[in-house]
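Examination of the molecular architecture
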Amino acid sequence: MASVRVAVRVRPMNRREKDLTAKCIIKMEGNKTSITNLKISDGNAGEVLRDRIKTFTYDFSYDSMDSKSSPFVSQEKVFKDLGSDVLRAAFEGYNACVFAYGQTGSGKSYTMMGNPGDAGLIPRFCEGLFTRIAATTRWDEASFRAEVSYLEIYNERVRDLLRRKSTQTYNLRVREHPKDGPYVEDLSKHLVQNYSDVEELMEAGNINRTTASTSMNDVSSRSHAIFTINFTQAKFDSEMPSETVSKIHLVDLAGSERADATGATGVRLKEGGNINKSLVTLGNVISALADMSQDGGNTNLKKKAVFVPYRDSVLTWLLKDSLGGNSKTIMIANVSPADVNYGETLSTLRYANRAKNIINKPTINEDCNVRLIRELRNEIARLKALLVQGNQIALLDSPTALSMEEKLHQNEARVLELTKEWTNKWNETQNILKEETLALRKEGIGVVLDSELPHLIGIDDDLLSTGIILYHLKEGRTYVGREDASTEQDIILHGLDLESEHCRFENQNGKVTLVPLGRAQCSVNGVQVTERSQLNQGAVILLGRTNMFRFNHPKEAAKLREKRKSGVLSTFSLSMTDLSTSCENLSTVMLYNPGLFTEKGPVFLRLEFERQQREELEKLELKRYKSEKLLAISSFFCIWKSGFS
């Protein structure tokens, strides 16, 4: 059990407040924050005076009004107090959440993201995370993996900030997993190796975020933003494997606002309405959870059922675990010091005061296999103790003792097997991801494997195969053959009509060439090749009768994409004759060489390939027809125009 930790931070007066000659109504001493209602005169006494000054106690009260004053609290101080706790929680295997709450223009985005040269909590946390990872990895104490995602909730719709703008990114759906809780379907996750990777993604996301100017704030956030880090660490602790997964939510909320104060109309008014709706729901959730916690602490009263309206807004649904669930949570309430914002500031302080009463239930998120290993080890220790006890009372030869000994040996063997599997799995994953030429990222529910080098992707004819094979073609020569070859082969294959030393790929000066060795059966796009053949992006390669690959050349593909964007490479530049011939050749080879595929072979591959080629031909034919029609119309107008001149 852990209470939500609450901090309050007051910003300096802004230009608008100075123009209105606003007076300061916030005072902070230690962890206490006081707010003064200037409409009640100072001369009153008793209850009236108590209504004039209201004092709240929080975990932290940060005075950031005047950078020249001694009590001024900097971004670094905020991170040391709050960010370091979140960092510690991540390395201990807990989920954590930090969110900034307050009216529009109260300094939430500054606290969370900061300004150039004065970083906020989110960038400082990410930098601290990778600094500690580097220090731990240097001594081989543990291995780590980190993925990030970045979303915004705009007008109650979820949008991925790390994907190119499209209709698909604007209305992602929120789902709920029975064990892992709420999540966003099709949200991209990006593997990051260092802080510069995170910084790049953060900048890209911030550029895509929706902001606008209002009377209260020149750069007002018109959406709630959630930056999430999924952090996995694995290590051996006292010869015991340990693997934990932490989910860190860093949330920058849009501010509550009054239409008369912001001067919002039209789209801005609708945005403000949706922002206020989600923040009201957040307030209701905080109140309900605070009531539950207070009722739980009072044993004299009968517990009443309290409904927590998580699903009344997308924001509260996504933060369900962070509020009253499996997470260590910190709330930063940002307020204005000006008397013109008295109502909004008092409301923020009251919600922050209630949030202190929320009780979360954070637990260490341990890998299920690692938990099983630990439980088996505990069982082994218990059985050994029982056997020792049985030996002392001369029951070692009894059936009970023998069955216990047998169970002990089974558990020990199972522990060894599971530990070995876990170690091999983690080491292989880390070794692959350490290659600078390879990157792994998540696109929605899919995983995208990016490689900088030319490579082959296996098209497997085994219906029981569930893996994806990628072979890098590094600079120089890559030899392909069987395991029994006289010289060591870089790529080992099996199958019909595969020679012990079958072929080689030569990667020189950015060009990749296939060189068959001897009479080895090799074909490119359905055409049998017996001599050196240069490969182009997307080529389909068949080695022997059963080993089929697609050839990818990332640099060549990137150049073609750029040409297509700039209009230099049009669809008409693709030779329809070559495309048709390639399709016919591949179909002919497959049709008249049925031995190229086993009985279980992927006949559907040929049909799919032919279907795709037919569609491509139809598209090209349609575009050519439209182009000829446009040319004809253009010629007509030229002739018509010349007739008048």
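In what follows, the structure referred to is the one given above.
In this report, the structure presented in the accompanying data block is examined. Computed from a predicted structure; not experimentally measured. (Residues numbered from 1 in each chain as written. Predicted model: local features only at pLDDT ≥ 70, side-chain atom pairs only at ≥ 80, totals over all residues. Heavy atoms only, no water.)

**Overview of the overall build of the chain**
For clarity, the cut-off: Under the scheme used here, helices are H or I runs from DSSP no shorter than 4 residues and strands are E runs no shorter than 2 residues, and both carry numbers assigned from the N terminus. Summary of the burial criterion: residues with accessible area below 20% of their type's maximum are buried, those above 50% are exposed, and those between are partly exposed, where the area comes from a 1.4 Å probe applied to protein chains only. What makes two residues a contact is simply this: any of their non-hydrogen atoms within 4.5 Å. Computed with the Shrake-Rupley method and a 1.4 Å probe, the accessible areas treat only the protein chains shown as cover for residues.
Looking only at helices and strands, one finds 15 helices and 33 strands in the chain. The proportion of buried residues among the 645 residues of the chain is 44%. Counting contacts in the chain only where the partners sit at least 6 residues apart, residues at least 24 apart contribute 65% of the total. Here the chain displays about 35,500 Å² of accessible surface, and carbon together with sulfur accounts for 52% of that area.

**A look at the pattern of salt bridges**
Two side chains bearing opposite charge may form a pair once their charged atoms approach each other closely. To keep it simple, the criterion reads: We count a salt bridge whenever a side-chain nitrogen from Lys or Arg sits within 4 Å of a carboxyl oxygen from Asp or Glu.
Applying the stated criterion across every chain yields a total of 16 salt bridges. Here Asp85 and Arg5 are joined by a salt bridge, their closest N and O atoms 2.0 Å apart. Here Arg5 lies in strand E2 (residues 5–10) and Asp85 lies in helix H3 (residues 75–92), a separation of 80 residues in the sequence. Assessed through its relative accessible area of 29%, Arg5 is described here as partly exposed. A salt bridge links Arg175 to Glu185; the nearest nitrogen and oxygen atoms lie 3.6 Å apart. Of the two residues, Arg175 sits in strand E12 (residues 174–177) while Glu185 sits in the loop between strand E13 (181–184) and strand E14 (189–192), which places them 10 residues apart along the sequence.

**Considering unusual backbone geometry**
The phi angle of most residues is negative, glycine excepted, and most peptide bonds adopt the trans form. If you check the backbone angles, Thr21 has positive phi at about 50° while not being a glycine. Take Thr21: it is sitting in the loop between helix H1 (15–19) and strand E3 (26–29). The backbone of Glu156 shows a phi angle near 65°, a positive value even though the residue is not glycine. Residue placement: Glu156 occurs in the loop between strand E10 (143–154) and strand E11 (157–160).

**Focus on the environment of Thr348**
Note that Thr348 resides in helix H10 (residues 342–355). Residues Thr348 and Gly102 lie 246 residues apart in sequence; the distance between their C-alpha atoms is 5.8 Å. In contact with Thr348, other than residues within four places in its own chain, are Tyr101, Gly102, Gln103, Ala333, Asn334 and Val335.

**A few points about the packing of aromatic side chains**
What counts, and what does not: Stacked, tilted and edge-to-face pairs are distinguished by plane angle, under 30 degrees for stacked and over 60 for edge-to-face with tilted covering the rest, among Phe, Tyr and Trp rings (Trp via its six-membered ring) whose centres lie within 6.5 Å. When the NZ atom of lysine or the CZ atom of arginine is within 6 Å of a ring's centre and also within 35 degrees of its normal, the charge is said to sit over that ring.
Scanning the model with the defined rule gives 8 aromatic pairs in all. With 5.7 Å between their ring centres and 10° between their planes, Phe144 and Phe231 make a pair best called stacked. Residue Phe144 is located in strand E10, and its partner Phe231 is located in strand E17 (residues 224–237); the two are separated by 87 residues in the primary sequence. A single burial state applies to Phe144 and to Phe231, both of which are buried. Here Tyr150 and Phe227 contribute two aromatic rings whose centre-to-centre distance is 5.1 Å and whose plane-to-plane angle is 80°, an arrangement assigned as edge-to-face. Of this pair, Tyr150 sits in strand E10 while Phe227 sits in strand E17, placing them 77 residues apart in sequence. Across the pair, exposure class does not vary: Tyr150 and Phe227 are buried alike. Cluster of aromatic residues (ring-pair linked, three or more members): Phe91, Phe144 and Phe231. It is Lys328 that lies over the ring of Tyr94; its NZ or CZ is 4.3 Å from the centre. The ring of Tyr58 carries Lys356 above its face, with NZ or CZ at 5.8 Å from the centroid.

**A closer look at the side chain of Asn326**
Counted only if it meets this: Polar contact is the term for a pair of N or O atoms within 3.5 Å; when the atoms are in protein, one must be able to donate a hydrogen and the other to accept it, and sequence-neighboring residues count only if both atoms are side-chain atoms.
Secondary-structure assignment places Asn326 in the loop between helix H9 (314–318) and strand E19 (328–335). At a separation of 2.8 Å, a polar atom in the side chain of Asn326 contacts the main-chain amide nitrogen of Thr363. The residues contacting Asn326, other than those within four sequence positions of it, are Asn95, Asp321, Lys361, Pro362, Thr363 and Asn365.

**A look at the nonpolar core**
The condition that has to hold: We define a nonpolar core as any set of buried Ala, Val, Leu, Ile, Met, Phe, Trp, Tyr and Cys residues linked to one another through side-chain atoms lying within 4.5 Å.
Among the nonpolar cores identified, the biggest contains 48 residues, and Phe99 and Leu282 are the most heavily contacted of them. Listing elements by their share of this core, those giving two or more residues are E2, E3, strand E7 (96–101), E10, helix H8 (267–297), H9, E19 and H10. With 7 residues, H8 is the largest single contributor of residues to this core. Look past the residues within four positions of Leu282 in its chain and what remains in contact with it is Phe99, Tyr101, Leu253, Leu315, Thr316 and Leu323. Judged by nonpolar contacts, the second largest core, of 45 residues, contains Tyr94, Ala96, Val198 and Ile330.

**Focus: empty space enclosed by the protein**
Put simply, the rule is: Only protein atoms enter the calculation, which uses a 1 Å grid: trapped sets of points that fit a 1.4 Å probe without letting it out are cavities, open sets showing protein on both sides within 12 Å along at least five of seven lines are pockets, and any residue with an atom within 4 Å of a point is a lining residue. Grid points are joined across faces, edges and corners, and a volume is the space filled by probe spheres set on the points. Charged residues are taken to be Asp, Glu, Lys and Arg, nonpolar residues to be Ala, Val, Leu, Ile, Met, Phe, Trp, Tyr, Cys and Pro, and polar residues to be all remaining types, Gly included.
Taken as a whole, this structure holds 2 cavities of 30 Å³ or more when the rule is applied. As a volume, the largest cavity reaches approximately 50 Å³. The wall of the largest cavity is formed by 10 residues, among which Ile153, Asn155, His224, Asn274 and Ile275 lie closest to the centre. Mapped onto the lining of the largest cavity, the elements with two or more residues apiece are E10 and H8. With 4 residues, H8 is the single largest residue contributor to the lining of the largest cavity. By residue class, the composition of the lining of the largest cavity is 3 nonpolar, 5 polar and 2 charged.

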